[in-house]
Amino acid sequence: MAKAKGQYRFSFGPWNIDEGADPFGPPVRKPQGLAKKIKMAKKLGFDGVQFHDDDAVPDLDSKSHAEIVKEAAQVRRMLDREGLKAEFTAPRLWFSPETIDGAYTNNNARLRKYAIDRTKICIDINNVLGGSWIVLWLAREGSYVRESKNPRESVLRIRDALDEMLDYDPKVRILIEPKPNEPVDSAIIPTLGHAIGLSYMTIDPDRVGCLCETAHSLLAGLDPSDDMAYALAHEKLKSVHLNDQGGLKFDQDKTFGCHNLRVAFNQVRVLEEYSYGRNGEWVGLDVKAMRTQKQRGNTKHLSTSRERFLFLLEKVCTLDKKLEAQLIAVRDYEELDRYIVCHLMGVKYSG
Ligand code: XUL
Ligand code: MN
């Protein structure tokens, strides 16, 4: 869908309104049903919703294909009623007993088949929801003990799985969301560079792209805006999960721009300058409320992230490009840095 420059469609997933449980403590907020979350998305000014397969159809392993399709159609009607679209569906391949040791790279052939069958169901759900693509976060495709999996064979197994998906549905588009670690110690496809390389190994590279998450790039020690630029240069940046991260810790999924506004600015800038969104790409937010947040205000991280993106977009559009070019031409990067920070802080710049 075409958009004018500077106009974006925003999305998030039901998991982004959560109860605040963490590995060290139980939930602290009340659960909200999917219907309520869809209504909240509309109220917050969002345009679309991202799904895991079992967000749309809970307990899907215990349901027939006909039941799954019927329930997905009910969710589609909820979206239609609110005037919202589904952005994507992602198979939650890190939850079930079958995927304890990974999905497509599992050492057990029967369990690898479970992962493929489940992904085909996810593709069917996505088609009913009308999503643009499926997203593969390759959560457990890696190891805790390097010798436990053959790393070369694992790459080829993921490629074979992608080929089977591409063959299953000639229209499906697949986005890989890489992450270097967590829950595994070491991921087989840890960065966007790996994901893009893998896409070219498939039977139809044009239908395999990627989703760049800010926190995942930071966890890999990379600048997220450079990662986005790399994927844009390959015409493979189809979705983003904007958020923030306080350095090399666990995956924090904090509000966009809360730690490093300048890094956030450069992400918005690269998206805007290269017309991200012109071909239907979404600005997805993968943010979590802090556990300290009370029930009231449990969506503030979402509205603030969206608001901050729009503030930074204003900064991108009002940047003095002529001055920037002049400073680059005379190689005065100290002055360029001074100008950029003045601009971001909203203080008067005098050259
Ligand atoms: C995991 C992650 C997931 C995916 C959706 O770190 O980012 O939320 O984005 O499955
Ligand atoms: Mn994500």
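The shown structure was predicted, so the numbers you read here are calculated from the model rather than taken from an experiment. (Residues numbered from 1 in each chain as written. Chains lettered and ligands numbered in written order. Predicted model: local features only at pLDDT ≥ 70, side-chain atom pairs only at ≥ 80, totals over all residues. Heavy atoms only, no water.)

Visitor: Quick rundown of the coordination of the manganese ion (ligand 2)? Include the residues and the values.
Guide: Reference values for coordination geometry: four tetrahedral donors around a metal ideally subtend 109.5 degrees, six octahedral donors ideally subtend 90 or 180 degrees. Note on the manganese ion (ligand 2): its protein donors are E177 (OE), E213 (OE), H241 (ND1) and D286 (OD). The metal-donor distances range over 2.0 to 2.2 Å. Here the manganese ion (ligand 2) is ringed by 6 donor atoms whose angles at the metal span 79 to 172 degrees, and the overall shape comes out octahedral. The sequence pattern formed by the donor residues of the manganese ion (ligand 2) is E-x35-E-x27-H-x44-D. With a gap of 64 residues between them, E177 in strand β6 (residues 174–177) and H241 in strand β9 (residues 237–242) connect regions that are remote in the sequence. (Donors = N, O, S within 2.8 Å, 3.2 Å for Na, K, Ca; no water. Tetrahedral: all angles 85-135°; square planar, octahedral: opposite > 155°, others 65-115°. Helix = DSSP H or I, 4+ residues; strand = E, 2+ residues; numbered from the N terminus.)

Visitor: An account of the sheet that holds strand β1 (residues 10–12) is requested, with residue identities and associated values reported.
Guide: Around the barrel, 8 strands lie side by side as β1-β2-β3-β4-β6-β8-β9-β10; this closed barrel has parallel pairing. Averaged over all pairs of adjacent strands, the angle between strand axes in this sheet comes to 30 degrees, irrespective of strand direction. One ladder, built from 4 bridges, connects strand β4 (residues 133–137) with β6; its direction is parallel. Among the inter-strand pairings, I134 is bridged to a residue of β6, identified as I174. The strands touched by helix α5 (residues 151–168) within the sheet are β4, β6 and β8 (208–213), with β6 carrying the most contacts at an inclination of about 155 degrees. (Pairing = 2+ DSSP bridges. Axes fitted to C-alpha atoms, helices over the stretch in contact; angles between N-to-C directions. Contact = heavy atoms within 4.5 Å.)

Visitor: So, the side chain of H241: which residues are in play, and what are the values?
Guide: Taking relative accessible area as the criterion, H241 reaches 1% and is therefore assigned buried. Looking at H241, its side chain comes within polar contact range of the side chain of E213, at 3.3 Å. (Buried < 20%, exposed > 50% of the residue type's maximum accessible area, 1.4 Å probe, protein only. Polar contact = N/O pair within 3.5 Å; in protein donor to acceptor, adjacent residues only side chain to side chain.)

Visitor: Now, about the packing of aromatic side chains: what can you tell me, with residues and values included?
Guide: Under the criterion given, the structure shown has 7 aromatic pairs. Between the aromatic rings of Y8 and F309, the centroid separation amounts to 5.0 Å while the plane-to-plane angle is 75 degrees, which identifies the pairing as edge-to-face. Of this pair, Y8 sits in the segment before β1 while F309 is found in helix α10 (residues 300–318), placing the two residues 301 residues apart along the sequence. Just as Y8 is buried, F309 falls in that class too. Here F256 and F309 contribute two aromatic rings whose centre-to-centre distance is 6.4 Å and whose plane-to-plane angle is 35 degrees, an arrangement assigned as tilted. Of the two residues, F256 is situated in the loop between β9 and α9 (261–273) and F309 in helix α10; the sequence distance between them amounts to 53 residues. Neither F256 nor F309 differs from the other in exposure class; each is buried. (Phe/Tyr/Trp six-rings, centres within 6.5 Å; stacked < 30°, edge-to-face > 60°.)

Visitor: Please provide a residue-by-residue account of empty space enclosed by the protein, values included.
Guide: Tallied over the full model, the rule gives 4 cavities of 30 Å³ or more. Classifying every residue of the lining of the largest cavity gives 9 nonpolar, 1 polar and 2 charged. (1 Å grid on protein atoms, 1.4 Å probe; cavity = no way out; pocket = protein on both sides within 12 Å on 5 of 7 lines; lining within 4 Å. Points joined across faces, edges and corners; volume = space filled by probe spheres on them. Nonpolar A, V, L, I, M, F, W, Y, C, P; charged D, E, K, R; others polar.)

Visitor: How would you explain the domain arrangement of the protein if you had to name every residue and give the values?
Guide: Examined at the domain level, the protein breaks down into domain 1 (10–318) and domain 2 (319–351). Each of domain 1 and domain 2 has a C-alpha centre, and the two are 36 Å apart. Between domain 1 and domain 2, the contact holds 9 residues from the first and 11 residues from the second. Buried area between domain 1 and domain 2, both sides added, is near 800 Å², and the carbon and sulfur share of it is 49%. For domain 1, the biggest contributors to the area lost against domain 2 are R262, R269 and K315; these three give 59% of the whole. Summed over the shared surface of domain 1 and domain 2, the number is 3 salt bridges. Note that R269 and E324 form a salt bridge whose closest N and O atoms lie 2.9 Å from each other. Linking domain 1 with domain 2 are 6 residue pairs in polar contact (both at pLDDT 80 or more), by the criterion used here. (Domains from an automatic or database assignment. Buried area = accessible area lost by both parts, 1.4 Å probe. Salt bridge = Lys/Arg side-chain N within 4 Å of Asp/Glu carboxyl O.)

Visitor: Hey, could you go over the site of ligand 1 for me, with residue numbers and the actual values?
Guide: Taken together, W15, H52, W94, W137, E177, K179, E213, H216, H241, D251 and D286 make up the full set of residues near ligand 1. Separating an oxygen atom of ligand 1 from a side-chain N or O atom of E177 is a distance of 2.8 Å. Measuring from an oxygen atom of ligand 1, one finds a side-chain N or O atom of D251 at 2.9 Å. Starting from 290 Å² of accessible surface for ligand 1 in isolation, the protein chains cover 93%. According to the grid-proximity analysis, the pocket containing ligand 1 is the largest pocket. When the residues that make up the shell around ligand 1 are grouped by side-chain class, the tally is 3 nonpolar, 3 polar and 5 charged. (Near = heavy atom within 4 Å. Areas by Shrake-Rupley, 256 points an atom, 1.4 Å probe, with all protein chains shown as cover. Sits in = over half its atoms within 2 Å of the grid points.)

Visitor: Which residues make up the layout of surface pockets, and what values do they have?
Guide: Of the volumes computed, that of the largest pocket is approximately 1500 Å³. Taken together, 48 residues make up the lining of the largest pocket; nearest its centre are D18, A21, D251, D253 and K288. Among the secondary structure elements, those contributing two or more residues to the lining of the largest pocket are β3 (85–90), β4 and α10. Per-element accounting of the lining of the largest pocket gives the leading share, 4 residues, to α10.

Visitor: Account for α9, with residues named and values stated.
Guide: With 13 residues, α9 extends 18 Å from end C-alpha to end C-alpha; this agrees with the ideal 18 Å at 1.5 Å per step. Residues V263, A264, F265, Q267, V268, R269, V270, L271 and E272 constitute the buried set of α9. On its buried face, α9 sits against α7 (214–219), α8 (224–233), β9, α10, α11 (321–329) and α12 (333–345). Sitting at the head of α9, N260 places a side-chain oxygen 3.2 Å from the backbone nitrogen of R262. Where α9 terminates, the next one or two residues include S275, which has phi positive at roughly 55 degrees. (Expected span 1.5 Å × (residues − 1).)

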